[in-house]
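Listed below are the residues making up each chain.
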Amino acid sequence: MFLRVLKNEKGAIYPIAIVFFMSALVLLSHTLVLYSVQYKTYDGLENMHRHATIQLLIEIEQNKIPE
């Protein structure tokens with residue numbers, strides 16, 4: 001039954017469409033996961049850099065010698 005449907009042109013479009021959309025969905029989800037990992041990494045590095053800058057400014061302010 002299934003092979004007879006695939007021999008028909010209209011019946012062969014459905015499995016091909018399902019494979020196409022599933023592969024597009026997998027590719028899209030993979031891209032989104034990679035982007036979210038990269039975003040979290042850069043956000044963490046930015047927060048660490050900001051915290052280090054604030055700590056340096058506090059140390060400079062505490063060690064400031066009045067003239």
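Please refer to the structure placed before this passage.
Since this is a predicted model, take the numbers as computed values, not measurements. (Residues numbered from 1 in each chain as written. Predicted model: local features only at pLDDT ≥ 70, side-chain atom pairs only at ≥ 80, totals over all residues. Heavy atoms only, no water.)

A. The arrangement of the overall build of the chain in detail. Within the chain, the regular secondary structure consists of two helices and zero strands. In the chain, which comprises 67 residues, the share counted as buried stands at 3%. Carbon and sulfur atoms make up 70% of the accessible area of the chain, which amounts to about 6,800 Å² in all. (Helix = DSSP H or I, 4+ residues; strand = E, 2+ residues; numbered from the N terminus. Buried < 20%, exposed > 50% of the residue type's maximum accessible area, 1.4 Å probe, protein only. Areas by Shrake-Rupley, 256 points an atom, 1.4 Å probe, with all protein chains shown as cover.)

B. Inspection of the packing of aromatic side chains at higher detail. As enumerated under the stated definition, the model contains two aromatic pairs in all. Note on Phe-20 and Phe-21: the rings are 5.3 Å apart at their centroids and 65 degrees apart in plane angle, and the pair reads as edge-to-face. Centroid distance Tyr-35 to Tyr-39: 6.5 Å. Interplanar angle 25 degrees. Geometry classified as stacked. With a gap of four residues between them, Tyr-35 and Tyr-39 both fall in helix H2 (residues 9–62), about one helical turn apart. (Phe/Tyr/Trp six-rings, centres within 6.5 Å; stacked < 30°, edge-to-face > 60°.)

Take it as geometry only, folks, not as evidence of what the structure does.
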